[in-house]
Number of protein chains: 2
Amino acid sequence: MRGIGVSSVRLEDGFWQPRREVNRNVSIPSQHHQCVITGRIDNFRRAAKYPDYVAKSFNGYFFNDSDVYKWLEAAAWDLAGEADFDAERVRMIDEVIADVAASQDADGYIGSYYVIDREKDRLTDFDKHELYCGGHLIQAAIAHHRVTGSTSLLAVAQRFADWMCRTIGPAEQGKKPFIDGHEQVEMALIELYRVVGDKRYLELAQWFIDARGRSTMKCGNVTPWHFQDHVPFRQLHEMVGHAVRAVYYASGATDLLAETGEQAIRDALRKQMQSMAERRSYVSGGIGSRWHGEAFGDDYELPNRAYAETCAAIGSVMWSWRTLLLDGDPSHADRIEWTLYNAVLPGVAFDGRHYFYQNPLEDDGKHRRCEWFGCACCPPNVARLLAQLPGYVFSVGRDGGAVYVHQYWSCSASIALAGTTIPVVMRSSMPWEGDVELRIGAAGSFALMLRIPKWCRQKPLVSVNGERVSSDVMPGTYLAIHRSWEAGDVVKLSLPMTIERVACHPYVTHNAGRLALTRGPILYAIESADHPGVDIRELALPADAPIECEMSSDLAGGVHVLKATAIHRRAEPSVLYRSTVFPETAAPVPLTAIPYFAWGHREAGPMQVWIRCD
Amino acid sequence: MRGIGVSSVRLEDGFWQPRREVNRNVSIPSQHHQCVITGRIDNFRRAAKYPDYVAKSFNGYFFNDSDVYKWLEAAAWDLAGEADFDAERVRMIDEVIADVAASQDADGYIGSYYVIDREKDRLTDFDKHELYCGGHLIQAAIAHHRVTGSTSLLAVAQRFADWMCRTIGPAEQGKKPFIDGHEQVEMALIELYRVVGDKRYLELAQWFIDARGRSTMKCGNVTPWHFQDHVPFRQLHEMVGHAVRAVYYASGATDLLAETGEQAIRDALRKQMQSMAERRSYVSGGIGSRWHGEAFGDDYELPNRAYAETCAAIGSVMWSWRTLLLDGDPSHADRIEWTLYNAVLPGVAFDGRHYFYQNPLEDDGKHRRCEWFGCACCPPNVARLLAQLPGYVFSVGRDGGAVYVHQYWSCSASIALAGTTIPVVMRSSMPWEGDVELRIGAAGSFALMLRIPKWCRQKPLVSVNGERVSSDVMPGTYLAIHRSWEAGDVVKLSLPMTIERVACHPYVTHNAGRLALTRGPILYAIESADHPGVDIRELALPADAPIECEMSSDLAGGVHVLKATAIHRRAEPSVLYRSTVFPETAAPVPLTAIPYFAWGHREAGPMQVWIRCD
C-alpha cells in the first residue's frame, strides 16, 4: 500500500479537528515561544556567528536542535491542505529556516552544539545525538518541501546528508564508521532517498542498520543494550533498551524492508512487533515501562507507575503505520487508533500548552502536565503527529485498485487511484459512536477496504446505498467491497460500541483481581475528582455491576463517561502488612470513569486505570 | 541505653557465626583483592606520589576511596573479640592504612580523586562525595582504634576532620559553606567527637544538618529533593530522595539528637520513621523502591521489581539501632532483626563472594548476584555490618540497672553494669526455632529486658530457674524481669513460631489478592527451581490450604522450607489483554517456599514473594 498524503485529506471531525486547531493556534506558537526563550533558536544564531551572538556558548542539552526541527516539521505539516497559507506562520517558519541554514558549516555539517565551540569534537561521542538531530532536520525539510514546494530547508538537509555520505561509512572506504547512539537518521535518510532519488542515502541508512549491534556503545553505567547495540538487527527479536530509540530503529528498518524486501529484516521485525504487542505494551498502547533508562521492561514487566513516554507511543504509531503499509494487517491500524486516543493524546492537555512526558496508569496526584521540559522531545513530537493525522485515514493498494479506510474520522478526501481521483466524504461521531457514512464522489472501479476494528464485540452492520452487505463482517479484518462505484454511492457502517471489562494476562502479576474499562477505542480511568471523600484505591467494581455510558459536557467540551455503583472498601491505613486480611468496611458508592486521555485536568488527586473487581 | 561494644559479645550461633566466618575468610580477603585489581588501592598510591605511581591518573568512580575505607572498617571490626589477631590480616590492614596515610595532603585534606590531579577543584562540586568518603574514613578509623587501640588511622581521620573544621562552615566565619550531596559525614563526626571529645566535630556535624535544605543542590535533571536538600531537616517529614542518603542523614540526625535532645529534631525523626515504616517499606524490610534515582517512592509505591538497595537496608539497621538506643521502643529491634534476615542477608551469596545491589521481590531469573560492581558500595557495607553484628544483641539501660536482650543469637557476652560485669551465655536455634536459654554468670541486681518479637502470634512462655514468669508477656514489648540474679540462674524463653499468611495494605494496589509467607523472623519466597515444569506466576495458594514447615538440608547447609499444595492455574500466553477473564486450567501441584534470603542460588528462574491466593 501507499499513503495518500497529508494534503489530500481535510479532517472535519468533532474530535480530532478541534484538537488540531488548538495545535495550530496554541501549541505550535507557544512551542516556538519556548524555543525562543530557552535559547534553542539562539543556538543556531550562535552557530551562524551572527555578530550579536558570537560571544555566547551553547545553551541547554546537546540535542536541543532537534526540538526546533520537530517544531519546523509540525508547523510545515500544519499548513498542509490549506488553500492559503497563513502569512504570519510562513514568515515564522522562514525565519527559523534562515537561522538554521546560516548555522550550517561550509562542508555541510550542521549541529549547533558542536559548531558553536566544539568543532574538533564532531563524531567523537556516539551519544551526543548528532545524527539524530540531523535526521530530524531531514524530516522537517521533507515536510516543508512536500507541503510548500520550497527547497529552502531541503537544500540544507541534503547538504548535511551529503556530508554524512562523504564522511561516515565503512573504514575500508576511508570513512569514519560512526553510528549514532539514538536511532532516527535511518528513516529520515530513506525518506530523503524517496524524495530526491539519490541512492547513497538509502545505502547509508542500510549501513547504519547493518553496522549496529557490535556492543561498542557503552557510556558510564549504560550498556550497549540500552542503545539496541548488543546484537545485530537481524538477531534482535525483542523490544529492549531505550523505548524511543527502539521504535525509531524498527521504523527505519521497516523503511529499509520496504525498499529491499530482505527476509531476515522482515523476520526480525515481526518478532520485535510480537514482543511489543504481546508482552511489552500497556493496555493504553503505551510502551517503555521503565523510568530507569526510559526503557522497555522484560516480558510482562508493566508496572502501573508506567514511564510510557509520549514520544515512545508516537514512535509506535510511526512504526505501526509503516508496517501496515507493508503487510496490510489491520491489527496495525487497530494499534494506531488505540495508541492515538489512549497513549499519545494524554500527552497533551486540552489547552494545548501543557504536556505529559510520562504517562502512568496509576498516580497519586503528583504527576501533572508541564509547559515545557529541559528535555523537550515530547511537545513538538505531539504537534508534528497531530499535524500529520489526516495522512493516517486512508491508503491505496499498490495496484491502485483498492482504497483502505483505516480510521473513521469525518473528513473530505481526494484519493488518487490508477488513472482517476475519487473524492470521498466521511461522517462519523467517533470515538463516541460507531455509525459511519462514506460518500463516494466519482465513478470508479475499486475495492473499498473497511477496517472492522478488533474492539467490536458485536456484529457490525454494513450497507451500500441502503442495501445490506451480506458478507461476513469480522472484527480484526478489512471488509472488502468490490464494486464499480458511482458518484453519490453511500456506504454505511455501524460499529457497535460496548462497554468492556478488560482483564490483564495473569503474568502481569500486579493486575490480578483488577479490570480496566473500555468502550469502542477509548480506555477509561477513575479519578479522585469524581469521587469526593473516597480514596479511589478503595473502590471495587463487582463483576456483575451494571455500567452505563453517558455524555458529560463538564470535561473537554464533552466526553462519554461510564457510571456504575461500586463498593467502597475502606481500609485502616496505619500498618503496611498484617497477618490476616485487612479489615475493610463495604458500602455502595457511585463510580464515574472518564476517558484516560482526559485525566489530570482537574484538581490533583489519585487516578487509576486498573480497578479492583472484588 | 548504650551499646556494649562489639568486642564484648562472642557469637556462637549456628546461623550468623558461620556466615561471619565466610565473611572473614572469603568476603574480606576477596574484597581486598577487588580493591587491588580495580585500582582502588592504587588511587591512594598515586595520590601519595609513590615513584612508580606518579604518572597515573585516578581510576574509576570519584567515590572509590570509600570502598577501601569500608573494607578497612570491616576488617577492623572483624578482629573484635579475638584474643590474638591474625597476623596476616593485621599486616594487610596496616599496609592499606599506610597507603591511605601517605595519600593525605599536608593540610589534612584526603581524597585521591582530587589529590591526584584536581587539587584546585576541591569543594567545588557538592556531588563528588568528598565528605562522604571522609566520613567513611572516620568510621574506619574509629573501628580500627576501638578494636586495636592503635591511632595510626585515627590520626589520619582527625587531621581530615580538623581540616574540615578549619575550612568548612558558615561564610560569616570566613569559611566555605560546603555541604556534601551524599550525607554520611554527620554521623562519623559525632562518633569522632564521642571518641576524642573535641566539640568542634559535633558542632560541624550540627552545622551540616542545620545548613542543608536550602534547595541549592541541583545537577543536570536531578533536583534538591534527591539530596534531601528541598526542605530543612526539621521540616522533613517523609523519607524521600536517594534512599541511602536519606537513612544516613536520619542516622546522623539521630546521633545529633542523642547529644542535644532537641525536640524539633526528635519530632522530624519520628515522622520520618513513621513514613518509612508505615508507608515506604517492603515486606522484606527493604527500602527505596525506585530504580530511577535509587530513591524512596511515594507512599505505598512499592512495586515488586524493587530497587531495595542492600546499602539502604543496612542504613535502615544503622538508623533503627540509633533510634532504639534513644527511645527504647522494641519495634526498632524488631525492624533490625527483620531487616537483617530479609533485606541485608539476601545481598550476599552463601559463598561470600557474590552480591546483590538491588533486591527485587519478584524477578524473572535475570537478576543474579555479582562478584563486584563499578559502584561497589554494597559488598563492603555488608562485610562491615556482619563484622559488627555482636554489637546488636544487647544494650544496657542508661542507669546501668537494666540489660536489654534485643536479639536471641547464641553467644557469650560480658556485660558491664554499674560496678560489676555480668557474664551471660545465650543458646537458641534462631531463626528456625524460638526456644532460648540465657544463663547468668554472676550475681547482680538488674532488670533483664527481654524483647518479645512482634512476630509472635501465640503467647510466649518465660521461666526463671524453671519457674514460670507470671507477668503478661506481650509481643511487641520488652518483658522486664527485675531480680537479684545469682550466678547460674537460667532464663528460658519460648517464642512460638507460626506460619503466617501476610496481607499487604490495599493501597499497594498490585499486591491485592496476594499473600506473603512468613515464619518467625523469616520471609519466604517461591522460586522456579523448586517447581519444575511450572511457571510460578501460575501458582495460587488457597486461603485454606495447610502449610507445613520442614528442614531442608539442600540449601545453604540447612534452612526451613514451607510446603503446601497449590493450584496451578495455567494461562494462555498469546495475548496481553482480553475482554473476559483469561481462561485458566486448574490442577493441584506441590508448592515449596524457601527463605527469601536464599533465593537466586540455584538455576536462574522466576522468583516471587507475593503469591496469588485465589
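Everything here concerns the structure above.
No experiment lies behind these values; they were computed from the predicted model shown.

With respect to unusual backbone geometry
Residues and elements named next belong to chain A.
Part 1: Of note, the amide linkage connecting Met 430 to Pro 431 takes the cis form, showing an omega dihedral of 0°.
Part 2: By the secondary structure assignment, Pro 431 is in the loop between strand E7 (420–428) and strand E8 (435–440).
Part 3: Located in the positive-phi region is Ser 215, a residue other than glycine, with phi close to 55°.
Part 4: Relative to the elements of secondary structure, Ser 215 occurs in the loop between helix H9 (199–211) and helix H10 (243–260).
Part 5: Given the relative accessible area of 29%, Ser 215 is considered partly exposed.
Part 6: Residues other than glycine seldom take positive phi values, yet Ala 556 does so here, at roughly 55°.
Part 7: Positionally, Ala 556 belongs in the loop between strand E18 (547–552) and strand E19 (559–571).
Part 8: Judged by relative accessible area, which is 30%, Ala 556 ranks as partly exposed.

Points about helix H8 (residues 185–196) of chain A
All names here are of chain A.
Part 1: Helix length check: H8, at 12 residues, gives a terminal C-alpha distance of 16 Å against a target of 16 Å (1.5 Å per residue), a fit within 8%.
Part 2: Within H8, nine of the 12 residues are buried, which leaves it mostly tucked inside the rest of the structure.
Part 3: Listed in full, the buried residues belonging to H8 are Val 185, Glu 186, Met 187, Ala 188, Leu 189, Ile 190, Glu 191, Leu 192 and Tyr 193.
Part 4: Buried residues along H8 sit against helix H6 (130–148), helix H7 (152–167), H9, H10 and helix H12 (310–327).
Part 5: After H8 finishes, the residue Gly 197 shows a positive phi value of roughly 80°.

Here's the deal with the packing of helix H2 (residues 40–47) of chain A against helix H4 (residues 87–102) of chain A
All names here are of chain A.
Part 1: Here H2 crosses H4 at 40°, and the two axes come no closer than 7 Å. As the angle between them shows, H2 and H4 are arranged oblique. Contact residues: Ile 41, Phe 44 and Arg 45 in H2; Glu 95, Val 96, Asp 99 and Val 100 in H4.
Part 2: Broken down by class, the residue content of the contact of H2 with H4 amounts to four nonpolar, no polar and three charged.

Quick look at the packing of helix H3 (residues 64–79) of chain A against helix H14 (residues 378–388) of chain A
Residue and element names in this part refer to chain A.
Part 1: Put simply, H3 and H14 touch, their axes get as near as 8 Å, and they point 20° apart. Viewed along their axes, H3 and H14 adopt a mutual orientation that is roughly parallel. Of the two elements, H3 crosses H14, and the hand of that crossing is left-handed. Counting all contacts with H3, which are made through Asp 67, Lys 70, Trp 71, Glu 73, Ala 74, Trp 77 and Asp 78, the residues of H14 involved are Pro 380, Asn 381, Ala 383, Arg 384, Ala 387 and Gln 388.
Part 2: Counted by class, the contact of H3 with H14 contains six nonpolar, two polar and five charged residues.

Basis of the calculations
Residues numbered from 1 in each chain as written. Chains lettered and ligands numbered in written order. Predicted model: local features only at pLDDT ≥ 70, side-chain atom pairs only at ≥ 80, totals over all residues. Heavy atoms only, no water. Helix = DSSP H or I, 4+ residues; strand = E, 2+ residues; numbered from the N terminus. Buried < 20%, exposed > 50% of the residue type's maximum accessible area, 1.4 Å probe, protein only. Expected span 1.5 Å × (residues − 1). Contact = heavy atoms within 4.5 Å. Axes fitted to C-alpha atoms, helices over the stretch in contact; angles between N-to-C directions. Parallel < 35°, antiparallel > 145°, perpendicular 65-115°, else oblique. Nonpolar A, V, L, I, M, F, W, Y, C, P; charged D, E, K, R; others polar. Left-handed = near helix turned anticlockwise from the far one by under 90°.

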